[in-house]
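Fold and contact review
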2 protein chains.
Amino acid sequence: MGLADRVLAGETRAAARLMRLIDDALPAAEAELRVLFPKTGRAQIVGITGNPGAGKSTLVDRLIAHLRAAGKTVGVLAVDPTSPFTGGAILGDRIRMQDHALDPGVFIRSLATRGQLGGLSRATSDCARVLDAMGKDVILIETVGVGQDEVEICRLAHTTVVVVVPGLGDDIQAIKAGILEVADVFAVNKADREGADRTVRDLRSMLELSQSRGGPAGKDDSEVQIVKCVASRDEGVTDVWAAVEAHYKHLQQGGGLLEREKLRARTELLEILRERLLREAVARLAQQGARLDDLSLRIARREVDPYTVAEEAVRT
Amino acid sequence: MGLADRVLAGETRAAARLMRLIDDALPAAEAELRVLFPKTGRAQIVGITGNPGAGKSTLVDRLIAHLRAAGKTVGVLAVDPTSPFTGGAILGDRIRMQDHALDPGVFIRSLATRGQLGGLSRATSDCARVLDAMGKDVILIETVGVGQDEVEICRLAHTTVVVVVPGLGDDIQAIKAGILEVADVFAVNKADREGADRTVRDLRSMLELSQSRGGPAGKDDSEVQIVKCVASRDEGVTDVWAAVEAHYKHLQQGGGLLEREKLRARTELLEILRERLLREAVARLAQQGARLDDLSLRIARREVDPYTVAEEAVRT
């Protein structure tokens with residue numbers, strides 16, 4: 001049996017192996033993904049994002065327990081902005097999450113940034129597809145931070161939960177503005193801290209302001225829910241999930257699910273195209289003897305500008 | 001006079017206009033950039049990055065004052081991960097920085113994320129080039145967070161300063177690991193807080209560990225400096241700059257400057273190529289009647305897989 005068939009049979013080791021191929025951006029992964037593709041599209045994909053220290057991993061940990069109790073199988077992708085040098089950090093939180101690894105109904109995998117442009121969101125998308133093909137009912141994608149990469153990753157999810165904590169500074173307000181487009185649910189974690197109600201009010205006025213201006217671009221019409229929780233004490237986690245489910249149902253009923261799938265397909269198609277065309281162009285440049293390294297040196301010396309080089313490369 | 005010539009003459013309004021064209025990704029910008037390109041390469045480019053709340057903007061503010069006192073002109077690019085909806089947040093810190101805007105020797109500009117893949121680092125690179133062409137001696141690029149985008153942006157800089165604060169949690173340790181490759185100087189800000197010495201020690205052991213394993217990939221051989229400061233009280237800011245200068249001198253003397261320029265040229269060339277090829281491919285798909293939207297729908301319905309579609313598009 002090929003790797004893809006073993007994944008479809010739910011074999012954990014095959015899934016882990018395929019994800020390693022994907023993470024290493026090996027072409028071998030693609031052949032397997034083609035086989036898997038028609039069998040995917042069943043899983044519910046939920047993104048969990050927010051600033052460092054917001055308690056995302058703890059929330060994910062509790063959501064896993066909650067989903068397992070409800071009889072659902074769970075896949076988790078933890079996207080780490082860690083160095084190729086360290087090769088992925090092992091965090092206290094992650095270790096805690098790994099307790100669930102003894103449970104065959106849970107599959108957890110960390111994905112690191114490998115430094116390829118646009119590589120992380122594609123690798124995440126492909127790995128989510130593997131979990132989907134394995135038959136996992138729910139896929140949780142946890143991302144640290146809210147850079148452009150994270151926004152791209154959130155576009156993969158059916159529902160995105162943004163975890164915030166009370167007592168936000170100026171800088172964090174700015175980041176919040178950046179994730180308005182992707183947030184379907186705000187989880188105000190550590191809600192036993194002072195200022196939790198104020199954070200809820202702040203979020204609400206921000207959302208109202210956004211609505212009054214026509215809402216963020218690309219956002220569906222479902223109302224963004226704000227839910228308080230204390231994940232470390234398992235309080236309010238059920239409410240967070242209820243909000244996720246409500247959003248998912250709204251998508252299903254209003255045709256939004258297909259819309260999201262289309263958006264994801266579009267993003268993915270463009271990324272694959274981009275990568276292939278680039279690979280081909282670099283190979284052609286090399287054939288012509290105009291090696292990339294030489295061209296870079298000539299540009300660095302201001303002998304030629306990058307726009308002209310790119311134009312010539314495209315033309316030939 | 002064309003826009004580029006007016007920029008070369010140091011005209012502030014022309015530079016602002018060209019940067020708007022760049023930020024909006026208008027093709028008109030490229031023609032002007034081609035004219036500017038041969039006149040660039042003089043400015044010293046310094047990246048300032050770190051987590052929200054680390055005090056980057058305050059440090060940038062003080063560095064501007066310090067550089068102006070030393071008779072240098074300064075350009076600042078503040079890269080905001082803000083929403084296309086809000087169109088760039090106005091922060092308290094940024095407003096404070098704008099005090100310098102009355103000084104003709106200082107040019108400050110915020111860049112927002114527009115949602116194009118890879119668009120932000122290219123826009124930042126192009127805007128840095130405009131500041132360079134204007135004759136600014138030093139260009140400070142401030143980025144919030146340390147996602148993949150930020151790492152790409154740091155690659156534009158000759159020297160990257162990573163701002164950290166005492167008392168780091170688990171999540172932040174993970175992020176620190178991710179920026180080992182790009183950090184040339186660590187500024188331990190708010191060093192009057194408890195735990196500052198411990199943070200310095202932690203950073204040092206992390207660096208030693210990294211060195212003992214051969215160092216992070218793509219890093220030059222200069223020693224990473226760790227400097228304590230309290231930017232809000234203007235303490236240690238001179239030391240931070242001295243460390244930046246020492247690194248820059250090291251690059252100049254060891255030929256590392258040309259290496260960095262080459263790396264930047266290479267990254268930029270690949271990005272321009274990628275964008276053009278993609279634009280061309282999408283246009284061709286449209287011509288063939290196989291519109292992107294239809295293809296996305298067919299993929300979303302699992303009628304066809306994205307790998308096959310991409311392959312066919314590349315072949316034709």
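As the structure is a prediction and not an experimental result, all values here were calculated from the model.

Right, let's talk about the overall build of chain A for a bit. Secondary structure assignment for chain A yields 13 helices and seven strands. Buried positions account for 53% of the 316 residues belonging to chain A. The long-range fraction of contacts in chain A, counting pairs at least 24 apart against all pairs at least 6 apart in sequence, stands at 76%.

Turning to the pairing of strand β4 (residues 138–143) of chain B, a few remarks are in order. All names here are of chain B. When you tally the buried positions in β4, you get six out of six residues, the bulk of the element. Side chains Val138, Leu140 and Glu142 project from β4 onto one buried face, and the interleaved Ile139, Ile141 and Thr143 project onto a second face that is buried too. With five bridges joining them, strand β1 (residues 44–50) and β4 adopt parallel strand pairing. Its bridge partner lying in β4, Gly47 is registered against Ile141.

All names here are of chain A. Within the secondary structure, Leu131 is located in helix α6 (residues 119–134). Assessed through the 27 C-beta atoms surrounding it within 10 Å, Leu131 is described here as buried. Taking the C-alpha atoms as reference points, Leu131 and Ala43, separated by 88 residues in sequence, lie 8.2 Å from one another.

Moving on, we get to the environment of A:Leu140. All names here are of chain A. Here Leu140 shows up in strand β4 (residues 138–144). In sequence terms Leu140 and Gly47 are 93 residues apart; their C-alpha atoms lie 5.8 Å from each other. Non-local contacts of Leu140, meaning those with residues more than four positions away in its chain, are made with Val46, Ile48, Val60, Leu63, Val74 and Val76.

Residue and element names in this part refer to chain B. Across the two faces of strand β6 (residues 185–188) the burial is the same, with Val185 and Ala187 and Phe186 and Val188 all buried. Across four bridges, strand β5 (residues 159–164) lies against β6 in parallel orientation. Directly across from Val164, in β6, lies its bridge partner Val188. Sheet topology places β6 next to strand β7 (residues 225–228); four bridges connect them, and they run parallel. Bridge pairing links Ala187 to Val227 in β7.

This part covers the confidence of the model for chain A. Residues and elements named next belong to chain A. Averaged over every residue, the pLDDT of chain A is 80; residues scoring 70 or more account for 80%. When mean pLDDT is taken per element in chain A, strand β7 (residues 225–228) scores highest with 96 and helix α5 (residues 92–97) scores lowest with 46. Counted against residues more than four places away or in other chains, residues 82–95, with its pLDDT under 50, gives 39 contacts. Predicted complex, confidence summary: ipTM 0.76, pTM 0.67.

Right, let's get into unusual backbone geometry. Trans peptide bonds make up most of the peptide bonds, and negative phi angles are found at most residues other than glycine. Unlike most non-glycine residues, A:Asp234 shows phi in positive territory, near 60°. Topologically, A:Asp234 is positioned in the loop between β7 and α10 (237–254).

Relative to the assigned elements, B:Val309 resides in helix α13 (residues 306–315). On the basis of neighbour count, B:Val309 is assigned to the buried category, with 22 C-beta atoms found within 10 Å. If near-sequence neighbours (up to four positions away) are discounted, B:Val309 is found in contact with A:Leu269, B:Leu295, B:Ile299 and B:Val304.

Packing of helix α11 (residues 256–287) of chain A against helix α11 (residues 256–287) of chain B leaves a shortest axis separation of 9 Å and a crossing angle of 120°. For the pair α11(A) and α11(B), the sense of crossing is right-handed. Contacts from A:Leu270, A:Leu273, A:Arg274, A:Leu277, A:Leu278 and A:Ala281 of α11(A) reach α11(B) at B:Leu270, B:Leu273, B:Arg274, B:Leu277, B:Leu278 and B:Ala281. Here the residues of the contact of α11(A) with α11(B) are counted per class, giving ten nonpolar, no polar and two charged.

So, on to the packing of helix α13 (residues 306–315) of chain A against α11(B). Between α13(A) and α11(B), whose axes approach to 9 Å, the crossing angle comes to 45°. In terms of orientation, α13(A) lies oblique with respect to α11(B). Where α13(A) crosses over α11(B), the handedness of that crossing is right-handed. Seen from α13(A), the contacting residues are A:Pro306, A:Tyr307, A:Val309, A:Ala310, A:Ala313 and A:Val314; seen from α11(B), they are B:Ala265, B:Glu268, B:Leu269, B:Ile272, B:Leu273, B:Arg276, B:Leu277 and B:Glu280. Of the residues belonging to the contact of α13(A) with α11(B), the class tally is eleven nonpolar, no polar and three charged.

Let us now look at helix α3 (residues 28–36) of chain B. Listed in full, the buried residues belonging to α3(B) are B:Ala29, B:Glu32, B:Leu33 and B:Leu36. Projected down its long axis, α3(B) carries its buried residues within an arc of 105°, all on one side.

For the rest of this paragraph, the subject is helix α10 (residues 237–254) of chain B. Three or four residues apart is the spacing at which side chains of an α-helix point the same way, because the helix has 3.6 residues per turn. Residues and elements named next belong to chain B. Here α10 is 18 residues long and its end C-alpha atoms lie 26 Å apart, about the 26 Å a rise of 1.5 Å per residue gives. Of the positions making up α10, those classed as buried are Val237, Val240, Trp241, Ala243, Val244, His247, Tyr248 and Leu251. Projected onto a plane normal to the axis of α10, the buried residues spread over an arc of 155° and lie on a single side. The outward face of α10, more than 90 degrees from its buried face, is lined by the exposed residues Lys249 and Gln253. Those residues of α10 that are buried are in contact with β1, α4 (56–69), β5, β6, β7 and α11. The first or second residue beyond α10 is Gly255, which carries a positive phi of 80°.

Calculation notes
- Residues numbered from 1 in each chain as written.
- Chains lettered and ligands numbered in written order.
- Predicted model: local features only at pLDDT ≥ 70, side-chain atom pairs only at ≥ 80, totals over all residues.
- Helix = DSSP H or I, 4+ residues; strand = E, 2+ residues; numbered from the N terminus.
- Buried ≥ 20, exposed ≤ 12 C-beta atoms within 10 Å, placed from the backbone.
- Contact = placed C-beta atoms within 7 Å.
- Pairing = 2+ DSSP bridges.
- pLDDT = per-residue confidence, 0-100.
- Axes fitted to C-alpha atoms, helices over the stretch in contact; angles between N-to-C directions.
- Left-handed = near helix turned anticlockwise from the far one by under 90°.
- Nonpolar A, V, L, I, M, F, W, Y, C, P; charged D, E, K, R; others polar.
- Parallel < 35°, antiparallel > 145°, perpendicular 65-115°, else oblique.
- Arc of directions from axis to C-beta.
- Expected span 1.5 Å × (residues − 1).

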